[in-house]
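# Structural description and commentary
Take a look at the letters that make up each chain.
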Amino acid sequence: MSGRLIAVVGPSGVGKDTVMEAMAQADPRLGLVRRVITRPSAAGGEVFEGVSVADFEARRAAGAFALHWGAHGLFYGVPADVDKDLATGRDMLVNLSRGVLVEAATRFPGLVTIALTAAPDVLALRLAARGREDAYEIKRRLAREGSGLPDGASAITIDNSGTLDTTVQTALAALYPVRV
């Protein structure tokens, strides 16, 4: 039996990592993929492995990533060992860029995508709270965020403007319609 890779996508500040962590805590069938990012580990937010660009490129060249992409001046990688986790039958949650969804669906047959959304004022408050950008940068980020999926990609869309518990329960019900 093979687990499913579950991509969680959405604009910055929508709460992807918070929702994923809460889902994994709420349901033992779910695990979390720890991404490799060219950002200092002390930057906070999600749990990730921070690496230099040179280290990232060396790993990419060595085939250490199942998926990799660049966005917002950073590079992101999904470690190839995600295949081992999926082989155990466990579903794995991963924060992905919408731009890599088609490649992800090819690499991981059965890929499920959850697209989180939230009201613009909620996004602005969450971005401000994480403290990585000033007000001008937040305004620019919100202006450029698109919600569209690439051609050929489909998703379960969930509004995360409300409580975390509501979002988690909605997502789990969509993933596991018959509770065992």
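Residues numbered from 1 in each chain as written. Predicted model: local features only at pLDDT ≥ 70, side-chain atom pairs only at ≥ 80, totals over all residues. Heavy atoms only, no water.

Summed over the entire model, instances satisfying the criterion amount to six salt bridges. Among the salt bridges present, the one from Arg4 reaches Asp91, with a minimum N-O distance of 3.0 Å. One end of the pair, Arg4, is in the segment before strand S1 (5-9); the other, Asp91, is in strand S7 (residues 91-95), with 87 residues separating them in the sequence. A salt bridge links Arg60 to Glu57; the shortest N-O distance between them is 2.8 Å. Placement of the pair is Arg60 and Glu57 together in helix H2 (residues 53-61), with a separation of three residues, close to one helical turn. By relative accessible area, which is 27% here, Glu57 ends up partly exposed. (Salt bridge = Lys/Arg side-chain N within 4 Å of Asp/Glu carboxyl O. Helix = DSSP H or I, 4+ residues; strand = E, 2+ residues; numbered from the N terminus. Buried < 20%, exposed > 50% of the residue type's maximum accessible area, 1.4 Å probe, protein only.)

Phi is positive for His72, close to 55°, though the residue is something other than glycine. The residue His72 is located in the loop between strand S5 (65-71) and strand S6 (74-79) in this model. For His72, a relative accessible area of 46% gives the class partly exposed.

This next bit is on the sheet that holds S1. Overall, parallel pairing links the five strands, which are arranged S2-S7-S1-S8-S9 in an open sheet. In this open sheet, the two strands that pair with only one neighbour each are strand S2 (30-32) and strand S9 (156-159). Averaged over all pairs of adjacent strands, the angle between strand axes in this sheet comes to 25°, irrespective of strand direction. As paired strands, strand S8 (residues 112-117) and S9 are joined by four bridges and run parallel to one another. Pairing of Leu116 across the sheet is with Ile158, part of S9. Against the sheet, helix H1 (residues 16-26) engages S1, S2, S7 and S8, with an angle of about 165° to S7. Seen against the sheet, helix H7 (residues 164-175) touches S1, S2, S8 and S9 and runs at an angle of roughly 165° to S9. (Pairing = 2+ DSSP bridges. Axes fitted to C-alpha atoms, helices over the stretch in contact; angles between N-to-C directions. Contact = heavy atoms within 4.5 Å.)

Of all the residues in H1, the buried ones are Lys16, Val19, Met20, Ala22, Met23 and Ala24. Among the structural elements, S1, S2, S7, S8 and H7 are those in contact with the buried residues of H1.

Next up on the list: the sheet that holds strand S3 (residues 36-37). In spatial order, the strands read S4-S3-S6-S5; together these four strands make up an open sheet with mixed pairing. The sheet terminates laterally at strand S4 (49-50) and S5, the two strands that pair on one side only. Where S3 and S4 come together, two bridges link them in parallel fashion. Residue pairing in the sheet places Ile37 in a bridge with Gly50 of S4. The strands touched by H2 are S3, S4, S5 and S6; relative to S5, the strand with the most contacts, the crossing angle is about 140°.

All we've got here are geometric facts, nothing functional implied.
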